[in-house]
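Chain by chain, the residues run as shown.
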Amino acid sequence: GAVVSQHPSWVICKSGTSVKIECRSLDFQATTMFWYRQFPKQSLMLMATSNEGSKATYEQGVEKDKFLINHASLTLSTLTVTSAHPEDSSFYICSARDMRGLGQPQHFGDGTRLSIL
Amino acid sequence: KQEVTQIPAALSVPEGENLVLNCSFTDSAIYNLQWFRQDPGKGLTSLLLIQSSQREQTSGRLNASLDKSSGRSTLYIAASQPGDSATYLCAVKETSGSRLTFGEGTQLTVNP
C-alpha cells in the first residue's frame, strides 16, 4: 500500500534551534500534503496545506513565519520549526494525498515527536 | 463549519466481543469518510474509506457503514483481539474542499 515516510521520528533540542521535518511519499506522487499537530490525548489539528510548487495555506492562528513549509517536489514536503521554544513541543504528523484525485485516501506518516528543552 | 463527534471517547471490552464505534458529522455534504487507527506515539493508519455514494466498506473483521443523510458512520469490529487496542479516528472530507475534519477519537482497549 501507499507509504508516507516522515523523518526524523524524534527530536530533542535546545530552545532557539530550528528543526526541519521531512515528509516523503514513497510510492505515489502527491500534489497536496498536509501538516498536523497533535497534543496528548487530543485529535489532529491541521496546521497548513502545502501544494507542490506554490505557497502553503496556513490555518488561522498558525504563524507562517514560525512554521515554514516547502513543497518542492511531488514527493517531498518539509516543515521547519524556526527558533523553537518549549511551547512548540508536540507531535507533528504529515499526510499526503495521491495526486490521482480527491477520492483517494489520505496517507499519514508515523509522526515526529518534537521536544524543546 | 463541519464538526465530527465520536462516541464513546473510550471503550474497554473483553477479547472476542463484537463492538461498534460511532461517528457523527454535522454537515451531510461530504465527499468521503475515512476511518483511521492510531497506536500510541504513532501516525495514522487508514482502515477504510467510504465514498459519499457508498453505504459500507469491509476489510477483514472491520465493517464501516455510512448514512450520509443522518450524518452518521459506524465502525464494526468483529471478534475483537488485544491487538485491536488503539485509538480509532474518523474523518470526513468535505465536498467543497480538500481538508479532513477529524473527530476526537475513541480509545479502545481489548482485554485478554
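For chain B, the helix and strand inventory stands at 0 helices and 11 strands. Ordered by position from N to C terminus, the α and β elements of chain B give β-β-β-β-β-β-β-β-β-β-β. A compact globule built from 112 residues should have a C-alpha radius of gyration of about 13 Å, and chain B, at 13 Å, falls within 12% of that. Seen along its three principal axes, the alpha-carbon backbone of chain B occupies a region of about 45 × 25 × 20 Å. In chain B, which comprises 112 residues, the share counted as buried stands at 45%. For chain B, contacts bridging at least 24 residues in sequence account for 54% of all contacts bridging at least 6. Of the roughly 5,300 Å² of accessible surface on chain B, 46% is carried by carbon and sulfur atoms. With 9 positive and 10 negative side-chain charges, chain B shows a separation of 6 Å between the mean positions of the two kinds.

Turning to the nonpolar core, a few remarks are in order. Ranked by size, the top nonpolar core spans 24 residues in total, and within it A:Trp35, A:Phe67, A:Leu79, A:Tyr92 and A:Leu114 carry the most contacts. Residue assignment for this core shows that the elements contributing at least two residues are β2 (10-13), β3 (19-25), β4 (32-38), β5 (44-51), β7 (67-73), β8 (76-81), β9 (90-97) and β11 (112-116) of chain A. Apart from the residues lying within four places of it in its own chain, the contact partners of A:Leu114 are A:Val11, A:Cys13, A:Val19, A:Val81, A:Asp88, A:Ser89, A:Ser90 and A:Tyr92. Judged by nonpolar contacts, the second largest core, of 23 residues, contains B:Phe25, B:Leu47, B:Leu62 and B:Tyr88.

Looking now at the interface of chain B and chain A. Where interface size is quoted, it is often the accessible area lost as the parts come together. Across the contact, 22 residues belong to chain B and 22 residues belong to chain A. Here chain B packs against chain A, burying approximately 1,600 Å² in sum over the two surfaces, 52% of which is carbon and sulfur. In this assembly, chain B and chain A are joined by 1 salt bridge. The partner of A:Glu59 in a salt bridge is B:Arg99, and the shortest N-O contact between them spans 2.8 Å. Taken together, the links from chain B to chain A amount to 6 residue pairs in polar contact (both at pLDDT 80 or more). Looking at the side of chain B that touches chain A, the elements that each hand over two or more residues are β4 (30-38), β5 (44-51), β9 (86-94) and β10 (100-102) of chain B. Ranked by residue count, the leading element in the side of chain B that touches chain A is β4(B), at 5 residues.

Definitions and limits used
Residues numbered from 1 in each chain as written. Chains lettered and ligands numbered in written order. Predicted model: local features only at pLDDT ≥ 70, side-chain atom pairs only at ≥ 80, totals over all residues. Heavy atoms only, no water. Helix = DSSP H or I, 4+ residues; strand = E, 2+ residues; numbered from the N terminus. Rg over C-alpha atoms; globule rule 2.2 N^0.38 Å. Buried < 20%, exposed > 50% of the residue type's maximum accessible area, 1.4 Å probe, protein only. Contact = heavy atoms within 4.5 Å. Areas by Shrake-Rupley, 256 points an atom, 1.4 Å probe, with all protein chains shown as cover. Lys, Arg positive; Asp, Glu negative; His and termini not counted. Charge placed at Lys NZ, Arg CZ, Asp CG, Glu CD. Core = buried A, V, L, I, M, F, W, Y, C linked by side-chain atoms within 4.5 Å. Buried area = accessible area lost by both parts, 1.4 Å probe. Salt bridge = Lys/Arg side-chain N within 4 Å of Asp/Glu carboxyl O. Polar contact = N/O pair within 3.5 Å; in protein donor to acceptor, adjacent residues only side chain to side chain.

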